[in-house]
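Analysis of the macromolecular model
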Amino acid sequence: MVYAITYDLNKPGQNYPSLYSTIKRLGHWIWPLQNLWFIDSENGAQEIANEIHTVIDQNDSVFVVRVYRGQWGSWMSSETNQWINART
């Protein structure tokens, strides 16, 4: 299942390497935009959000949503679009 992950880290000096490594270990991934990742994972959306929440601050936000074939649109790279299409 493909999920979109987006976040806002609100405090300067965030630990981005920890966030990135957490997202990467959750499944196959692609990172097309600064604060948007897509992952192919067997975990559910809330499980993914919970994992990410462990490495961000309390005042930060994260949103995870499942991506369904034919139910999305974008103006991103063809690589990203192909990656999503191949997995949904």
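As for the nonpolar core
Nonpolar side chains in soluble globular proteins tend to be buried together. Counting 14 residues, the largest nonpolar core has Ile5, Tyr7, Leu19, Ile23, Ile39, Ile48 and Ile52 as the members making the most contacts within it. Broken down by secondary-structure element, the contributors of at least two residues to this core are β1 (2-8), α1 (16-25), β3 (36-40) and α2 (45-53). Contacts of Ile23, omitting those with residues within four sequence positions, involve Ile5, Tyr7, Trp37, Ile39 and Ile52.

Describing the packing of aromatic side chains
Tallied over the entire structure, the rule returns five aromatic pairs. Geometrically, the ring pair formed by Tyr20 and Trp31 is tilted, given 4.6 Å between the ring centres and 55° between the ring planes. Separated by 11 residues along the polypeptide, Tyr20 in helix α1 and Trp31 in strand β2 (residues 28-33) bring together distant segments of the chain.

Some remarks on α2
Taken together, the buried positions of α2 are occupied by Ile48, Ala49 and Ile52. Down the axis, α2 shows its buried residues gathered within 100° of arc, on one side only.

Some thoughts on the pairing of β1
With five of seven residues buried, β1 lies mostly within the body of the structure. Examined bridge by bridge, β1 and β3 share five bridges and lie antiparallel to one another. When the bridges of β3 are listed, Tyr3 appears paired with Ile39.

Examining the sheet that holds strand β4 (residues 61-67)
By definition, the strands of a sheet pair up through backbone hydrogen bonds, in either a parallel or an antiparallel sense. Strand order in the open sheet formed by four strands is β2-β3-β1-β4, and the pairing between neighbours is antiparallel. Every other strand in the sheet has two partners, leaving β2 and β4 as the edge strands with one partner each. Here the strands of the sheet are splayed against their neighbours by 20° on average, with no regard to which way each runs. Contacts between α2 and the sheet are confined to β1, β3 and β4, with β4 contributing the most and set at about 150° to the helix. Relative to the sheet, helix α3 (residues 78-87) contacts β1, β2, β3 and β4, its axis offset from that of β2 by approximately 145°.

Some remarks on α3
For α3, the complete set of buried residues consists of Thr80, Asn81, Trp83 and Ile84. Looking straight down α3, one finds that the buried residues subtend no more than 160° of arc, so they occupy a single side. Of the residues in α3, the exposed ones pointing more than 90 degrees away from the buried face are Ser78, Glu79, Gln82 and Ala86. Contacts from the buried residues of α3 go to β1, β2, β3 and β4.

Procedures and definitions
- Residues numbered from 1 in each chain as written.
- Predicted model: local features only at pLDDT ≥ 70, side-chain atom pairs only at ≥ 80, totals over all residues.
- Heavy atoms only, no water.
- Core = buried A, V, L, I, M, F, W, Y, C linked by side-chain atoms within 4.5 Å.
- Buried < 20%, exposed > 50% of the residue type's maximum accessible area, 1.4 Å probe, protein only.
- Helix = DSSP H or I, 4+ residues; strand = E, 2+ residues; numbered from the N terminus.
- Contact = heavy atoms within 4.5 Å.
- Phe/Tyr/Trp six-rings, centres within 6.5 Å; stacked < 30°, edge-to-face > 60°.
- Arc of directions from axis to C-beta.
- Pairing = 2+ DSSP bridges.
- Axes fitted to C-alpha atoms, helices over the stretch in contact; angles between N-to-C directions.

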